[in-house]
Amino acid sequence: MNEKMMEVFARDIIASLPFNKRMLYQFIEGVEDRLAQKAETKKQFLTLLKEQSPHHQAAERFGMSIYETVALMHEIEDEISEKLEKKLDKYKWIDCTDYATYSKQTINSARYYLIIS
């Protein structure tokens, strides 16, 4: 599976989440991404996660308890994983090269077509 396609599918799934779930997910992911960019090592990243807990920040920002925040985040991640898995099951590459028409100059060059439904 092409990692870029997985990112496209995941972005689409995240965009389709209900507003409250999408905001919480994007907030926590954003904090984690910023911490990952600051960190030079995996150990430093884990330390930053512990010190600046994205879940605690989200709980405070969205007026939830830490337990509600963690539970909702797990629910969101499960929903994203389930929807992504369904999309990947439907996803397949089909070589349509024989059906395409091209000029004589391009006969020897490779062409790929992507159709997503």
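The text that follows walks through the structure, step by step, so that each part is easy to find. Keep in mind the model is a prediction, meaning the values are calculated, not measured.

**Structural notes on the side chain of Lys 21**
Right, so step 1: Mapped onto the elements of the fold, Lys 21 is located in helix H2 (residues 19-38).
Right, so step 2: Of note is the side chain of Lys 21, whose polar atom sits 3.0 Å from the side chain of Glu 75.
Right, so step 3: Among residues more than four places away in sequence, those in contact with Lys 21 are Leu 72, Glu 75, Ile 76 and Glu 79.

**Side note on the nonpolar core**
Right, so step 1: Core analysis: the biggest nonpolar cluster contains 20 residues, and Leu 24, Tyr 25, Ile 28, Ile 76 and Ile 80 have the highest contact counts within it.
Right, so step 2: For this core, the elements supplying multiple residues, two or more each, are helix H1 (3-15), H2 and helix H5 (66-90).
Right, so step 3: When residues in this core are grouped by element, the largest group, six residues, is from H2.
Right, so step 4: Setting aside residues up to four positions removed in sequence, Ile 76 forms contacts with Leu 17, Lys 21, Leu 24 and Tyr 25.

**So, the pattern of salt bridges**
Right, so step 1: Summed over all chains, the structure comprises five salt bridges.
Right, so step 2: Notably, a salt bridge pairs Glu 75 with Lys 21, separated by 3.0 Å at the nearest N-O pair. Pair noted here: Glu 75 is in helix H5 and Lys 21 is in helix H2, with a separation of 54 residues, a long-range link.
Right, so step 3: When the shortest N-O distance is used, the salt bridge between Lys 21 and Glu 79 registers 2.9 Å. Placement of the pair is Lys 21 in helix H2 and Glu 79 in helix H5, with a sequence separation of 58 residues.
Right, so step 4: For Glu 79, a relative accessible area of 18% puts it in the buried group.
Right, so step 5: One salt-bridge network, in which partners are shared between bridges, spans Lys 21, Glu 75, Glu 79 and Lys 83.

What counts, and at which threshold
- Numbering of residues begins from 1 in every chain and follows the order in which that chain's sequence is written.
- Local features in this predicted model are restricted to residues of pLDDT 70 or higher, and side-chain atom pairs are both shown and tallied only at a pLDDT of 80 or more, whereas totals for entire chains, interfaces and linings draw on every residue.
- No hydrogens and no water enter the side-chain calculation; it runs on all heavy atoms of the structure.
- Think of it this way: any DSSP run of H or I at least four residues long counts as a helix, any run of E at least two long counts as a strand, and we number them from the N terminus.
- What qualifies as a polar contact is a pair of N or O atoms within 3.5 Å, subject to a donor-acceptor requirement within protein and to the restriction that residues adjacent in sequence count only when both atoms come from side chains.
- In this description, contact between two residues means that some pair of their heavy atoms is separated by no more than 4.5 Å.
- We define a nonpolar core as any set of buried Ala, Val, Leu, Ile, Met, Phe, Trp, Tyr and Cys residues linked to one another through side-chain atoms lying within 4.5 Å.
- Three labels apply to residues, based on accessible area from a 1.4 Å probe with only protein chains included: buried if under 20% of the type maximum, exposed if over 50%, partly exposed otherwise in between.
- Salt-bridge detection follows one rule: a side-chain nitrogen of Lys or Arg within 4 Å of a carboxyl oxygen of Asp or Glu.

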